[in-house]
Amino acid sequence: MRNRSTSNQNDVAFRKSNQRLAPFRPTEEVDQAYSLYPAFPVPSEMVKYGFEAIAGQVASHHAVRIDGFVGVFWEDFREKLKEALSRINIEATWIDVALAQNSPSEIESIIKPFLGGDDPLFGTRYIGELIDFFDASRLAAMIPDGNATVTILYGCGSALVEWEGPLFYVDLPKNELQYRSRAGNVLNLGSDSCASPKEQYKRFYFVDWPILNRHKATLINQVDWFVDRQRPDEPTFISGPILRDALDRMSTNVFRVRPWFEAGPWGGQWLKERINQLPREEPNYAWSFELITPENGIAFYDGRHQLELSFDWLMYHNSREVLGESASRFGFDFPIRFDFLDTFDGGNLSVQCHPRQEYIQEHFGESFTQDETYYLVDCKPGSEVYLGFQEDIDPDKFRAELEQSYRNSTPVDVKKFVNTVPARQHELLLIPNGTIHCSGADILVLEISATPYIFTFKMYDWLRLGLDGVPRPLNIERAFENLNFERRGDEALRQLISRPKVIAEGGDWRVVHLPTHKEHFYDVHRYEFETEIVGETDGSPHALMLVEGSTVMVETQNGMTQRFNFIETFVVPAAADSYKLINLGKSPAKVIKAFIKAADPL
């Protein structure tokens, strides 16, 4: 069984989401308004559109390979390209690379040790290669038909076969993959049955994405055409040389990834009320994935058409320019994450913690752990954050009450065990691994964090159901294997509330240092200025957001200028060296900046 097809991109049956498909031709946007579809400029007429244009690139070649990502509707793609080729009198021979795959049962046996058994959420990152899923002899037997005008090899893994001729790569944004999964329209790589969306996501995260990302890293300089197929009837594509040139420019200037949004059981209304482009149908927006690079895309715009590809391509082509001095440490991983947690008129997050460094490496195969901070962009009077333990915490009693609550659905008086602090706008709260925490209601949190993002051990979820009507899984045992009970009482407050300090200032500007915990590998500054201020990357990428004011212009020393509006996240790569922020608003601007701490001298 292959991924199902769709005959109409506007037929919501192929995806389950209230979120709009990213348009191939963006509509006009209001100045000073948050943009859902930011894009990096490429020369005019460089983003091609439609199956007829793809057919035109295929027609003159004897052999073509079309590789791509999991979740692509391959049979639908083949049918539409076949129709376009027939209109120019080209009859192609098609070979499905999946015919060379090992059986689903063989693949299942290979990946089973990485799927975490009965654990509903967690597994371990697969360490093998895409070739593990294929029979080498069957791949070798896939050769072009000497009698055909053109032979097309298609499907995930087609580039494993060495043919003379162009290589296409069909990409799919990971949010769209998840919407298709929720509609029951995709399969995991090498599977012949459709699992539940949660089961599929676990396998995507721990097996499919790592294996396909490693494959993509080998292809970055080989792909002749990159195709965006999130709109089944309206593909856009760009040539390899033009895309790689755009990545080079992106890695030395400034860019913004394409954000996406999710509702949740505790979600709020702040984002919904202020971002007019967001669909009104959602009950709330709990998360905004502003800069979670394993799942974000980067878009390119030629003035007419837009194309989106996964963020991974930038790192495979330009990781050293993006990461600077930390490239050898983080490899292809962009290590800093920005996301919003919106609880305005919503509820508390779950009471939770994140794994210690050794634990995440041993149990999940991650190279670094989920150390977090909460930057409080906005909050209502009286709101609070749960952070650290009460001075008299009794771990055994706390665990007993949590487990009783889980068994009997009885409430827990969390404040008997967990400390709370008042929420104050523009304050930074520190959440190194092992720290018990949760945001309370009526706060907009900018979560500045290390990139790992799914390893949340929930201990208590306030007895509520998820949006699907099912309780969300708790991880009490894992949490107690990682909790730091030394972070309690006054010591917790001393360790976990950042103490701002002005470290530089001029006539109408200053730089405020918001120190992070010693366990955080990243640090945080805030630029406060009325007219303009200059930033130096000093060998680290900068992740930035305008958290007060309306609009800023970013000028890089390489000659690029881009505007960014309130609560938009943008990145200045290390190789940009320096940049200027110009306040275009009428009131003073505040821009938060996260960056990688300098390595300790030997």
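About the thresholds
- Residues numbered from 1 in each chain as written.
- Predicted model: local features only at pLDDT ≥ 70, side-chain atom pairs only at ≥ 80, totals over all residues.
- Heavy atoms only, no water.
- Phe/Tyr/Trp six-rings, centres within 6.5 Å; stacked < 30°, edge-to-face > 60°.
- Helix = DSSP H or I, 4+ residues; strand = E, 2+ residues; numbered from the N terminus.
- Buried < 20%, exposed > 50% of the residue type's maximum accessible area, 1.4 Å probe, protein only.
- Salt bridge = Lys/Arg side-chain N within 4 Å of Asp/Glu carboxyl O.

### Considerations on the packing of aromatic side chains
A ring pair, where both rings are aromatic, is described by two values, the distance of the centres and the angle of the planes.
Here's step 1: Evaluated as defined, the whole model comprises 48 aromatic pairs.
Here's step 2: With a centroid separation of 5.7 Å and 20° between ring planes, the pair formed by phenylalanine 122 and phenylalanine 455 is classed as stacked. On the criterion of sequence distance, the pair formed by phenylalanine 122 in the loop between α3 (104-111) and α4 (136-140) and phenylalanine 455 in the loop between β20 (443-450) and β21 (457-460) is long-range, its members being 333 residues apart. Here phenylalanine 122 and phenylalanine 455 have matching classes, each one buried.
Here's step 3: Aromatic pair tyrosine 359 and phenylalanine 457: ring centres 6.0 Å apart, planes at 75°, arrangement edge-to-face. With tyrosine 359 in helix α11 (residues 357-364) and phenylalanine 457 in strand β21, this pair connects stretches of sequence that are 98 residues apart. The exposure classification of tyrosine 359 matches that of phenylalanine 457, with both residues buried.

### Considerations on the pattern of salt bridges
Here's step 1: Under the counting rule described, the total for this entry stands at 38 salt bridges.
Here's step 2: Aspartate 468 is the partner of lysine 198 in a salt bridge, and the nearest nitrogen-oxygen pair spans 3.4 Å. You can see lysine 198 sitting in helix α6 (residues 197-219) and its partner aspartate 468 sitting in the loop between β21 and α13 (476-480), a full 270 residues away along the chain.
Here's step 3: Taking relative accessible area as the criterion, lysine 198 reaches 46% and is therefore assigned partly exposed.
Here's step 4: Across the pair arginine 337 and aspartate 339 runs a salt bridge, and its minimum N-O distance is 2.7 Å. Exposure class is identical for arginine 337 and aspartate 339. Each is buried.
Here's step 5: Overlapping salt bridges bring together Asp76, Lys80, Arg229 and Asp233 as one network.

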